[in-house]
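Residue strings, one per chain:
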Amino acid sequence: MNSTRPILEDDLHAYVDGALNAARRAEVEAYLQSHDESAARVQAYARQRSAMQTALAGVAEEPVPPELSLRHFLDERRPRRSVPWRMAAAAVVLLALGAAGGWSMHGPVSDPLIQSGIGSLAQEAAYTYDVYSNDPTHPVEYKAADKALLVGWISSRLKRSISVPDLSGSGYRFMGGRLVATPHGPAGLLMYDNEQGLRLAMLVRPMTIDKTVRMTEHSAGAVNGYAWAIKGIGYSLVGAISADTLHPLANQIRQQMEQKV
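Calculation rules
- Residues numbered from 1 in each chain as written.
- Predicted model: local features only at pLDDT ≥ 70, side-chain atom pairs only at ≥ 80, totals over all residues.
- Heavy atoms only, no water.
- Pairing = 2+ DSSP bridges.
- Helix = DSSP H or I, 4+ residues; strand = E, 2+ residues; numbered from the N terminus.
- Contact = heavy atoms within 4.5 Å.
- Axes fitted to C-alpha atoms, helices over the stretch in contact; angles between N-to-C directions.
- pLDDT = per-residue confidence, 0-100.
- Parallel < 35°, antiparallel > 145°, perpendicular 65-115°, else oblique.
- Nonpolar A, V, L, I, M, F, W, Y, C, P; charged D, E, K, R; others polar.
- Buried < 20%, exposed > 50% of the residue type's maximum accessible area, 1.4 Å probe, protein only.
- Salt bridge = Lys/Arg side-chain N within 4 Å of Asp/Glu carboxyl O.

1. Examining the sheet that holds strand β7 (residues 233–239)
Part 1 of the reasoning: Sheet architecture is open: seven strands sit in the order β1-β2-β3-β4-β7-β6-β5, paired in antiparallel fashion. Looking along the sheet, the strands with just one partner apiece sit at the ends: β1 (142–143) and β5 (213–220).
Part 2 of the reasoning: Where strand β4 (residues 199–206) and β7 come together, seven bridges link them in antiparallel fashion. Pairing of Met202 across the sheet is with Leu237, part of β7.
Part 3 of the reasoning: Here helix α1 (residues 9–17) sits on the sheet and contacts β2 (173–182) and β3 (185–193); the angle it forms with β2, its principal contact strand, is near 30 degrees.
Part 4 of the reasoning: The sheet strands contacting helix α7 (residues 118–132) are β2, β3, β4, β5, β6 (223–230) and β7, and the helix crosses β4 at an angle near 140 degrees.

And the structure:
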């Protein structure tokens, strides 16, 4: 019996990684046969994965450094030891290999706080907007008519209750949304557009740090955004419009979300 679960972005990444069971893999393959845009993305993910594996093959095949052996960890149990350079290098390789099969950060990030905090959320929002906002046929998985299903699906995956902000008073209608993968787990992407076809997107996900943060402006090329966090949930509204135009829209969303937490 076929599953009734929709094919989402997590399924596409798991398909590329070979992490699906046989039944789910068959469902994804059937879906890709009738969804050319998703099939093209999967091919791009596969090429990226292959390129990363080829580039790092030599390093990955090196023997595991003694510093990473179980005996070493048992013998060296003193707290707050400095990290050996070979251990740090191996960790970087492992992280790079893991990222090869899934979503990767768009642009260099070196600060550990940025990697997991509000700066990371801002980058993820800009990246997902860049991927989906220009899609003419399939920018969302669930359309506005299926808002209840979308909210339930995202809330269950984030393990936090989410709601859809209303921007209709400012001329933006809710188009729908989807679940997306980030380096920090699943996130919800909600998309809006106006009569001119201009699209905005809001990314929402739980925060491990920066759990309550005031609104911060960010930009990536032509995409501007505002990111903030309220009681452990992060939000970032992004769009290819000026920061001055985007700011009052982000404020509307922030005020609505503050009333719901």
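Back to the text.
2. Some remarks on the confidence of the model for the chain
Part 1 of the reasoning: Model confidence for the chain is summarised by a mean pLDDT of 80, while 72% of its residues fall at 70 or above.
Part 2 of the reasoning: Scored below 50 in pLDDT, residues 90–114 shows 43 contacts in the model against residues more than four places distant or in partner chains.

3. Looking at the packing of α1 against helix α2 (residues 22–33)
Part 1 of the reasoning: The geometry of α1 relative to α2 is characterised by a closest axis approach of 10 Å and an angle of 110 degrees between their N-to-C directions. It follows that α1 is roughly perpendicular to α2 by the angle criterion. Residue-level inspection shows Asp11, Leu12 and Tyr15 of α1 in contact with α2, the latter providing Arg24, Arg25, Val28, Glu29 and Leu32.
Part 2 of the reasoning: Each residue belonging to the contact of α1 with α2 can be placed in one class, and the counts come to four nonpolar, no polar and four charged.

4. So, unusual backbone geometry
Part 1 of the reasoning: With phi around 60 degrees, Lys159 is a residue other than glycine that occupies positive phi space.
Part 2 of the reasoning: For Lys159, the location among the structural elements is in the loop between α8 (147–158) and β2.
Part 3 of the reasoning: Residue class for Lys159 comes out exposed when judged on its relative accessible area of 70%.
Part 4 of the reasoning: Positive phi, normally seen in glycine, also occurs at Lys231, with a value near 50 degrees.
Part 5 of the reasoning: Looking at where Lys231 falls in the secondary structure, it is placed in the loop between β6 and β7.
Part 6 of the reasoning: Using a relative accessible area of 58% as the deciding quantity, one classes Lys231 as exposed.

5. What about the pattern of salt bridges?
Part 1 of the reasoning: Using the criterion set out here, one finds eight salt bridges in the structure.
Part 2 of the reasoning: Of the charged contacts, one joins Arg24 and Asp11 as a salt bridge, the two residues approaching to 3.0 Å between their closest N and O atoms. Here Asp11 lies in helix α1 and Arg24 lies in helix α2, a separation of 13 residues in the sequence. The same class applies to Arg24 and to Asp11, which are both buried.
Part 3 of the reasoning: A salt bridge links Glu29 to Arg25, with the shortest nitrogen-to-oxygen separation between them at 3.4 Å. Placement of the pair is Glu29 and Arg25 together in helix α2, with a separation of four residues, close to one helical turn.
Part 4 of the reasoning: Ionic contacts of the salt-bridge type, sharing partners, join the residues Asp11, Arg24 and Glu27 into one network.

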